[in-house]
Amino acid sequence: MSAIYSLLTAQQLALLGPLCRRSPTPVQALADAIYADRADGGPDNADHVVRIQIQRMRERLEPHGIRILTFVGQGYMFDPQHVPKLNALMSPAVDHAHA
């Protein structure tokens, strides 16, 4: 299993794909990613939930050298320079003792 699963919650994992795009992802699109399985589209405060989850992701990922950038009025995205570090966290762990 990759290390990313031990760092992030299910809601935060749902944000990974949209945040990896080459341009900022709007808050509404991030909310849609979190609440895609809900017929009602999520709670009324979904934008607030997204902002809280982004902050929590920053707290968990920045120690690993991964930054989430904010583009006021546009949305969020991973710093492109840090995507290789994110990819390393997403790679399955190799058990060298049994490989």
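Bear in mind the structure is a predicted one, so any value in this text is a computation, not a measurement. (Residues numbered from 1 in each chain as written. Predicted model: local features only at pLDDT ≥ 70, side-chain atom pairs only at ≥ 80, totals over all residues. Heavy atoms only, no water.)

Some details on the nonpolar core
Here's step 1: Of all hydrophobic cores here, the largest spans 23 residues; its most connected members are Leu19, Ile54, Met57, Leu61 and Phe78.
Here's step 2: Where this core is concerned, the elements lending two or more residues are helix 1 (4-7), helix 2 (10-19), helix 3 (27-34), helix 4 (46-61), strand 2 (75-78) and helix 5 (83-90).
Here's step 3: Broken down by element, the residue count for this core peaks at 6 residues, all from helix 4.
Here's step 4: Other than its neighbours up to four places away in sequence, Phe78 contacts Leu16, Leu19, Cys20, Met57, Leu61, Ile66, Arg67, Ile68, Val83 and Leu86. (Core = buried A, V, L, I, M, F, W, Y, C linked by side-chain atoms within 4.5 Å. Buried < 20%, exposed > 50% of the residue type's maximum accessible area, 1.4 Å probe, protein only. Helix = DSSP H or I, 4+ residues; strand = E, 2+ residues; numbered from the N terminus. Contact = heavy atoms within 4.5 Å.)

A closer look at the pattern of salt bridges
Here's step 1: Tallying each qualifying case throughout the model produces 3 salt bridges.
Here's step 2: In this structure, Arg51 engages Asp47 in a salt bridge whose closest nitrogen and oxygen atoms are separated by 3.5 Å. With Arg51 and Asp47 both in helix 4, this residue pair falls 4 residues apart, about one helical turn.
Here's step 3: Under the relative-accessibility criterion, Asp47 is labelled partly exposed at 38%.
Here's step 4: In this structure, Arg67 and Asp79 form a salt bridge, with 3.6 Å as the shortest nitrogen-oxygen distance. Taken together, the residues Arg67 in the loop between helix 4 and strand 1 (68-71) and Asp79 in the loop between strand 2 and helix 5 connect sequence positions 12 residues apart.
Here's step 5: Among the residues examined, Asp79 registers a relative accessible area of 8% and is labelled buried. (Salt bridge = Lys/Arg side-chain N within 4 Å of Asp/Glu carboxyl O.)

Observations concerning the pairing of strand 2
Here's step 1: Residues of strand 2 alternate between two faces, with Gly75 and Met77 on one and Tyr76 and Phe78 on the opposite face, all of them buried.
Here's step 2: By the bridge criterion, 4 bridges tie strand 1 to strand 2 in an arrangement that is antiparallel. Along strand 2, the bridge assignment pairs Ile68 with Phe78.
Here's step 3: Between strand 1 and strand 2, which follow one another and run antiparallel, lie 3 residues, and Gly73 among them has a positive phi close to 80°. (Pairing = 2+ DSSP bridges.)

Section: the side chain of His82
Here's step 1: Inspection of the secondary structure assignment puts His82 in the loop between strand 2 and helix 5.
Here's step 2: Within polar-contact distance, the side chain of His82 engages the backbone oxygen of Gly65 at 3.4 Å.
Here's step 3: Within polar-contact distance, the side chain of His82 engages the backbone nitrogen of Arg67 at 3.1 Å.
Here's step 4: With residues up to four places along the chain from it excluded, the contact list for His82 reads Gly65, Ile66 and Arg67. (Polar contact = N/O pair within 3.5 Å; in protein donor to acceptor, adjacent residues only side chain to side chain.)

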